[in-house]
Amino acid sequence: MKVTLKIWRQSDKNSKGQFVEYPMEDVDKDMSLFELLDTLNERLVLKGERPIVYDSDCREGICGQCGIMINGEAHGPLMNTSACHLHMRSFNDGERLTIEPFRSAAFPVRQDLSIDRSAMDRIIQAGGYVSVDTGQASDANQERISHHAYDEAMNAAACIGCGACIAACPNASAALFTGAKISHLHRLPQGQIESDDRVINMVTTMDDEGFGNCSNHATCEAVCPAGISIKVIADMNKLYLKQIGKG
Amino acid sequence: MNKRLSSDKVPPGPLEKKWAYYKANCKLVSPGNRKKYHIIVVGTGLAGASAAASLGEMGFKVSCFTFHDSARRAHSVAAQGGVNAAKNYKNDGDSVYRMFFDTIKGGDFRAREANVYRLAECSMSLIDQAVAQGVPFARDYGGYLDNRSFGGVQVSRTFYARGQTGQQLLLGSYQALMRQVSKGSTTVYTRHEMLDIITIDDEAHGIIARHLDTGELETHYADAVIIASGGYGKIYYLSTLAMACNASAVWRAYKKGAMMGAPSWIQFHPTSLPQTGTHQSKLTLMSESLRNDGRIWVPSQKNDERQPQDIPESDRNYYLERRYPSYGNLAPRDISSRAARHEIEGGYGVGPMKNAVYLDFKDAIQNKGMAYIKDRYGNLFDMYNKITGRNPYKEPMMISPSAHFTMGGLWVDYELMTNVRGLFAIGEANFSDHGANRLGANSLLQACVDGYFIIPYTLPNYLAGKSNTHRKQEIEKAGEACKQAIQDEIRRLTQIEGSKTADQFHRELGQILYKYCGLSRTAEGLKEGILAIKALRAEFDQSLIIPKNIHSINTELEKAMRVKDYLELAELMCLDAMNRHESCGAHFREEYQTEEGEALRQDEAFSYVPVWCMDDSGDHHLLKETLNYEFVSMTERSYK
Ligand SMILES: Cc1cc2nc3c(=O)[nH]c(=O)nc-3n(C[C@H](O)[C@H](O)[C@H](O)COP(=O)(O)OP(=O)(O)OC[C@H]3O[C@@H](n4cnc5c(N)ncnc54)[C@H](O)[C@@H]3O)c2cc1C
Ligand code: SF4
Ligand code: FES
């Protein structure tokens, strides 16, 4: 098949970017989109042009490093699928794919499609953990955890930290990402003890980092490759309001 | 060459008391003094993050480096199956000793007893620690932790978090690390690639790291350096590893005097997805747990063109069940992979490239029901469908062996210290516990145990006993020289201006290694392999092309440096495989097999770990760590 790649090129954080079109012929439908980008890059390097910079490492949907807008959608057309799991068979012969980086004030573009998501690490630093030092733990089976609680915790813990929820949100809110960690830890007895402080600290950091507010568009849930449900945002809000009320 | 292997430092006494003895006698650094010591950790995978967080908690000043944009992206995240621990929660006969024995036997009696015992001994604490961190391991309906069984053992000792065990364990240690960052004990340098170790007289004093955004070369000095850079299976190009996994940290440490243990011992995973075309950049792993219910077969006729559904039972060869009746489809990885390769090479392979075997769920769906299969493997089936566009509920999966795990790595003593004083290696980067073949679910464990439970004792022991013989000026001089050398190397690479990309070299190298130093090896083949690698290396020096910018992002330069190291390491792997006139574990030399085609060890001559070192002129030399089995006796490793 043939496709045209229309790709955002930007040489660094401060420069203005623009789209450049690359026609691609003889595309194998079983190729992944990133493999097509690899092929294009090889061509560019051999011609002495600057290759396209994009993030992708595991290529199996788990490291969270990939993340691009494809035809205006975070991670592309397949629901709950990371960009690295997209194969060319998901597109039509002759189609033009517009590929650009995730856009958010909190995610400066490094180059081309690669962005700086360190703000997400800082949200976790604000309280996305259990305060336990190595060696302090008691026997793992001492405290029972209901199958249901485990299931819910695991649903939230599955977040891969890609930032698609933020890119898809009209307000660039990080509520799904932040809520996922708060909900994961709150559902488990080990994490619950610190829930009160955690929610205040993480939400404050989220605001300080320049992420917007959640106004229930739920576009985040639709693009999330880990299938995180907006229930986690409700969990976060409930805990947050309880704390604010206390104050 | 006058290099000697350092002592293995195994403590005296009975096996089960060695670690306690060590802990009771090691030197300590008092709490007030800890912040005076600076420790560098290279890598934020399970090994690196757990070590950095634990040392930070103790009060040391820690700097942690990763080329990733966040610590959470390390490839530990991709492990699906599970992590082993001898908790015996299932009351099915497990114990520390049994786990130790399974691991030693799984490794085909080619690992150090004392280390393996300690791994099993510390396994329980890891589960406790992870649960305390909020790692959501699977629970049964009574609320207790659930377990499953993995290849090569007969008990249920594998803890898991759906199909995302590695991710959840890594997030646990990543969060512990982020906690230390917020407390100020630890600094994480993301997008920094370590390119050299600063040493003086075989003692480590720091590293050179390249900032991947600015290209700046930075010198970081430290009292000790820990390498936790993961495995180098990506040397085969097509592998289950991530695109940027590499051997550079390990290889550059080797060139600075650390030694390599068994570099050619590589595990090929039997259940990865087969290659479908030349564009392919990686092979995705399908969890081994599928082998609990899937049956592996190939058509009994060569080049059978029929669809699998049209091939009747009588024309199917369930070769694992036939050859290994007691373990069947759950035979260990090396054995399953080799058996698959045997069928594929015999002309029985299936799929468009005739490079796969079937993994069939038809019987399981019939006997246990669709709901059961969906519940257990739903996410894996979806993933298979996403990648291949085929429906595994209706037709068998196609799988094939892929380069997966490196048992080989930097040689370390009982303290996990390399031959260079103050340079430690942990996790998949070292050669330690897995011998010639790693058992499933043992390596997440090893990475965690090394970082959480061993380094916090052995590293302070080193620091407390260290005499500061080298003066600051001397160290800085060494650092500057080291930096200059890297700068020159980068210049040289950008100035070749040839016509072949780093990826093209990498793919060719992968093909050479799969062919000559892969699942099975021969002396003849290895000789040819070495010649081919040498030729490719020469071509690399003449024909590489990369963009010339060195003060901004240059992904091609990053790749080229990794490929350069791979080309050098590949030759050593072939030498190592050639030297070993026996088959053991994953290392299969065709000249040494039983009549039934099983690995044939040569214990008289080869009960040793091959330990390689490099002399000043760049030649490799073999030293030996003799394995004296005091507590178990070597037996033939049979899974029939
Ligand atoms: C697909 C897959 C599935 C697996 N499943 C299982 C399983 O179910 N159970 C099991 O026990 N094991 C499994 N394994 C093996 C296990 O995951 C690994 O052995 C283990 O996670 C390795 O951890 P690590 O910390 O040593 O390395 P990694 O997690 O690979 O971390 C390496 C770190 O080093 C950094 N790094 C590397 N080089 C440099 C450098 N030069 N400069 C700076 N930073 C550097 C990287 O950025 C990264 O942070 C699996 C492996 C794979 C590939
Ligand atoms: S919540 Fe989903 S979309 Fe958002 S970072 Fe996590 S995995 Fe990505
Ligand atoms: S590359 Fe890892 S999630 Fe896509």
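### Focus: the sheet that holds strand S2 (residues 18-24) of chain A
All names here are of chain A.
Here's step 1: As summarised here, the arrangement of the five strands in space is S2-S1-S5-S3-S4, forming an open sheet in which the pairing is mixed. Lying at the two open borders of the sheet, with one neighbouring strand each, are S2 and strand S4 (73-74).
Here's step 2: As paired strands, strand S3 (residues 68-70) and S4 are joined by two bridges and run antiparallel to one another. Across the sheet, Ile-70 pairs through a bridge with Glu-73, a residue of S4.

### Details of the site of ligand 2
All names here are of chain A.
Here's step 1: For ligand 2, the set of nearby residues contains 14 residues, the closest of which are Cys-159, Cys-162, Gly-163, Cys-165 and Cys-224.
Here's step 2: Among the elements of the structure, helix H4 (164-168) and helix H5 (175-186) are those that each provide at least two residues to the shell around ligand 2.
Here's step 3: Partitioned by chemical class, the residues of the shell around ligand 2 number 12 nonpolar, two polar and no charged.

### Concerning empty space enclosed by the protein
Here's step 1: Taken as a whole and judged by the stated rule, the model has 12 cavities of 30 Å³ or more.
Here's step 2: Approximately 880 Å³ is the volume attributed to the largest cavity.
Here's step 3: Around the largest cavity, the lining comprises 50 residues; the ones closest to its centre are His-75, Ser-76, Gly-230, Gly-231 and Glu-428 of chain B.
Here's step 4: Elements supplying a minimum of two residues to the lining of the largest cavity: helix H3 (46-58), strand S6 (192-200), helix H7 (248-255), strand S15 (397-406) and helix H12 (443-465) of chain B.
Here's step 5: Take the lining of the largest cavity: its biggest share by element is four residues, from H12 of chain B.
Here's step 6: Partitioning the lining of the largest cavity into residue classes produces 20 nonpolar, 24 polar and six charged.
Here's step 7: Both domains that meet at the lining of the largest cavity, namely domain 1 (35-265 + 407-464) and domain 2 (270-403) of chain B, each give it at least three residues.
Here's step 8: Empty space within the second largest cavity amounts to approximately 560 Å³.
Here's step 9: As for the second largest cavity, its lining consists of 29 residues, of which Ser-56 of chain A together with Ala-244, Thr-555, Lys-559 and Arg-562 of chain B are closest to the centre.
Here's step 10: Looking at the lining of the second largest cavity, the elements that each hand over two or more residues are helix H1 (33-46) of chain A together with helix H14 (502-516) and helix H16 (555-579) of chain B.
Here's step 11: Examining the composition of the lining of the second largest cavity, we find that seven residues originate from one element, H16 of chain B, more than from any other.
Here's step 12: For the lining of the second largest cavity, a count of residues per class yields 11 nonpolar, seven polar and 11 charged.

### What about unusual backbone geometry?
All names here are of chain B.
Here's step 1: Phi is positive for Asn-91, which is not a glycine, with a value near 55°.
Here's step 2: With respect to the helices and strands, Asn-91 occurs in the loop between strand S3 (83-84) and helix H4 (96-106).
Here's step 3: In this structure, Asp-202 takes a positive phi of about 60° despite not being glycine.
Here's step 4: Relative to the helices and strands, Asp-202 resides in the loop between S6 and strand S7 (203-211).

### Some thoughts on the domain arrangement of chain A
All names here are of chain A.
Here's step 1: Segmentation of chain A into domains returns domain 1 (3-111) and domain 2 (117-246).
Here's step 2: Domain 1 and domain 2 are separated by 29 Å when their C-alpha centres are compared.
Here's step 3: Of all residues in domain 1, Asn-80, Ala-106 and Phe-107 give up the largest surface area on contact with domain 2, accounting jointly for 36% of the area buried on that side.
Here's step 4: The shortest N-O distance in the salt bridge between Asp-55 and Arg-117 comes to 3.5 Å.
Here's step 5: Counting every contact that joins domain 1 to domain 2 gives four residue pairs in polar contact (both at pLDDT 80 or more).
Here's step 6: Partitioned by chemical class, the residues of the side of domain 1 that touches domain 2 number nine nonpolar, eight polar and two charged.

### A word on the nonpolar core
Here's step 1: Ranked by internal contacts, the top residues of the largest apolar core, which has 206 residues, are Ile-127, Phe-137, Ile-235 and Leu-513 of chain B.
Here's step 2: When neighbours within four sequence positions are excluded, Phe-137 of chain B is seen to be in contact with Tyr-150 of chain A together with Val-83, Ile-127, Ala-130, Val-131, Leu-145, Phe-159, Tyr-160, Ala-161, Thr-165 and Leu-169 of chain B.

### Overview of the sheet that holds strand S19 (residues 608-614) of chain B
Residue and element names in this part refer to chain B.
Here's step 1: Strand order in the open sheet formed by five strands is S18-S16-S10-S19-S20, and the pairing between neighbours is mixed. The two strands at the open ends of the sheet, each matched to only one other strand, are strand S18 (430-431) and strand S20 (620-626).
Here's step 2: Relative to S18, strand S16 (residues 409-411) is paired through two bridges, and the arrangement is parallel. Paired with Leu-410 across the bridge in S18 is Asn-430.
Here's step 3: Docked against the sheet, H16 engages strand S10 (260-261), S19 and S20, running at close to 145° with respect to S19.

### Quick look at the interface of chain A and chain B
Here's step 1: Tallying the contact residues gives 66 residues for chain A and 72 residues for chain B.
Here's step 2: Buried surface at the junction of chain A and chain B, summed over both partners, amounts to about 6100 Å²; 51% is from carbon and sulfur atoms.
Here's step 3: Linking chain A with chain B are seven salt bridges, by the criterion used here.
Here's step 4: A salt bridge links Glu-42 of chain A to Arg-507 of chain B; its shortest N-O distance comes to 2.9 Å.
Here's step 5: Seen at the junction of chain A and chain B, the total is 43 residue pairs in polar contact (both at pLDDT 80 or more).

Conventions adopted
Residues numbered from 1 in each chain as written. Chains lettered and ligands numbered in written order. Predicted model: local features only at pLDDT ≥ 70, side-chain atom pairs only at ≥ 80, totals over all residues. Heavy atoms only, no water. Pairing = 2+ DSSP bridges. Helix = DSSP H or I, 4+ residues; strand = E, 2+ residues; numbered from the N terminus. Near = heavy atom within 4 Å. Nonpolar A, V, L, I, M, F, W, Y, C, P; charged D, E, K, R; others polar. 1 Å grid on protein atoms, 1.4 Å probe; cavity = no way out; pocket = protein on both sides within 12 Å on 5 of 7 lines; lining within 4 Å. Points joined across faces, edges and corners; volume = space filled by probe spheres on them. Domains from an automatic or database assignment. Buried area = accessible area lost by both parts, 1.4 Å probe. Salt bridge = Lys/Arg side-chain N within 4 Å of Asp/Glu carboxyl O. Polar contact = N/O pair within 3.5 Å; in protein donor to acceptor, adjacent residues only side chain to side chain. Core = buried A, V, L, I, M, F, W, Y, C linked by side-chain atoms within 4.5 Å. Buried < 20%, exposed > 50% of the residue type's maximum accessible area, 1.4 Å probe, protein only. Contact = heavy atoms within 4.5 Å. Axes fitted to C-alpha atoms, helices over the stretch in contact; angles between N-to-C directions.

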